[in-house]
Amino acid sequence: MLKFCIAIISLLVSTGLLAATGERSDPESVLAGKKLYVQYCQACHQKDGVGEKPIPAFLAQPGYLTAMPLNETSHAWHHTDEQIIHTIMNGLKRTKRMPAWQGVINEQQAGQLLAYLKSLWSDRILGCQGPKHMSCM
Ligand code: HEC
């Protein structure tokens, strides 16, 4: 499975569909990603990735987590490109609210979604993406 993921990611990088961690993607990918975002992600992560408003604790089901911002105000940018793609495709163990999108979108589309998310970050934040965030700020 790991080999398969590496092969797919190498393919995306080599075809230019995926820029590396800390780099901007091409405008076509950003535009395609924005359309996918509106269709699949915006209901929770909200327009422009600003995230959901928390709901009062007494109304929340056990294990309920609000969908955090994906713009630069939260910490999506602490993760590398590969980690974000992995989260999109496989979902998060800590909450069923962030589902695995595998089967709904393909790897190429996950790369386009990533391109869009990165377009929401300033140059300064993008330059600090991934492990660099520890020493960058
Ligand atoms: C049903 C609501 C819902 C939908 C739809 C949804 N998410 Fe999420 N997402 C969440 C929740 C809840 C979390 C986790 C919040 C937490 O851990 O505090 C999350 C977390 C994430 C994270 C991790 C961010 C981080 O900082 O670690 C990424 C990346 C993400 N979502 C991307 C997406 C993308 C891309 C889509 C569309 C394909 C999407 N989500 C659709 C609810 C949703």
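Only a predicted model underlies this, so the values are computations on that prediction, with no experimental measurement involved.

Asks: Can you walk me through the coordination of the iron atom of the ligand in this structure?
Replies: Expected angles at a metal are 109.5 degrees for tetrahedral coordination by four donors and either 90 or 180 degrees for octahedral coordination by six donors. Protein coordination at the iron atom of the ligand: the donors are His45 (NE2) and Met98 (SD), at 2.0 to 2.3 Å from the metal. With six donor atoms in place around the iron atom of the ligand and angles of 88 to 179° between them, the coordination shape is octahedral. Here Met98 lies in the loop between helix H4 (81-90) and helix H5 (107-119) and His45 lies in helix H3 (residues 42-45), a separation of 53 residues in the sequence. In this structure, His45 and Met98 share a single accessibility class: buried.

Asks: Would you take a moment to explain the site of the ligand for this structure?
Replies: Residues in close proximity to the ligand total 21 residues, the closest being Cys41, Cys44, His45, Arg94 and Met98. Here His79 contributes a side-chain N or O atom positioned 3.1 Å from an oxygen atom of the ligand. Tallied by class, residues from the shell around the ligand come to 13 nonpolar, six polar and two charged.

Asks: Could you clarify how one ought to interpret unusual backbone geometry in this entry?
Replies: Of all residues except glycine, most have a negative phi; of all peptide bonds, most are trans. With a phi angle near 70°, Gln46 is a residue other than glycine that sits in the positive phi range. If you trace the backbone, Gln46 turns up in the loop between H3 and H4. Overall, the relative accessible area of 29% leaves Gln46 in the partly exposed class.

Asks: What exactly am I supposed to notice about the packing of H4 against H5 here?
Replies: A pair of packed helices is captured by two measures, namely the crossing angle of their axes and the spacing between those axes. The interhelical angle for the contact between H4 and H5, taken along N-to-C directions, is 120°, at an axis separation of 10 Å. Regarding the angle of H4 to H5, the classification is oblique. You can see that H4 and H5 cross each other, and the crossing is right-handed. Facing Asp81, Ile84, Ile85, Ile88 and Met89 of H4, the residues of H5 in contact are Glu107, Ala110, Gly111, Leu113, Leu114, Leu117 and Lys118. Considered class by class, the residues forming the contact of H4 with H5 number eight nonpolar, one polar and three charged.

Cut-off values and rules
Residues numbered from 1 in each chain as written. Predicted model: local features only at pLDDT ≥ 70, side-chain atom pairs only at ≥ 80, totals over all residues. Heavy atoms only, no water. Donors = N, O, S within 2.8 Å, 3.2 Å for Na, K, Ca; no water. Tetrahedral: all angles 85-135°; square planar, octahedral: opposite > 155°, others 65-115°. Helix = DSSP H or I, 4+ residues; strand = E, 2+ residues; numbered from the N terminus. Buried < 20%, exposed > 50% of the residue type's maximum accessible area, 1.4 Å probe, protein only. Near = heavy atom within 4 Å. Polar contact = N/O pair within 3.5 Å; in protein donor to acceptor, adjacent residues only side chain to side chain. Nonpolar A, V, L, I, M, F, W, Y, C, P; charged D, E, K, R; others polar. Axes fitted to C-alpha atoms, helices over the stretch in contact; angles between N-to-C directions. Parallel < 35°, antiparallel > 145°, perpendicular 65-115°, else oblique. Left-handed = near helix turned anticlockwise from the far one by under 90°. Contact = heavy atoms within 4.5 Å.

Keep in mind that these numbers describe shape and distance, not what the molecule does.
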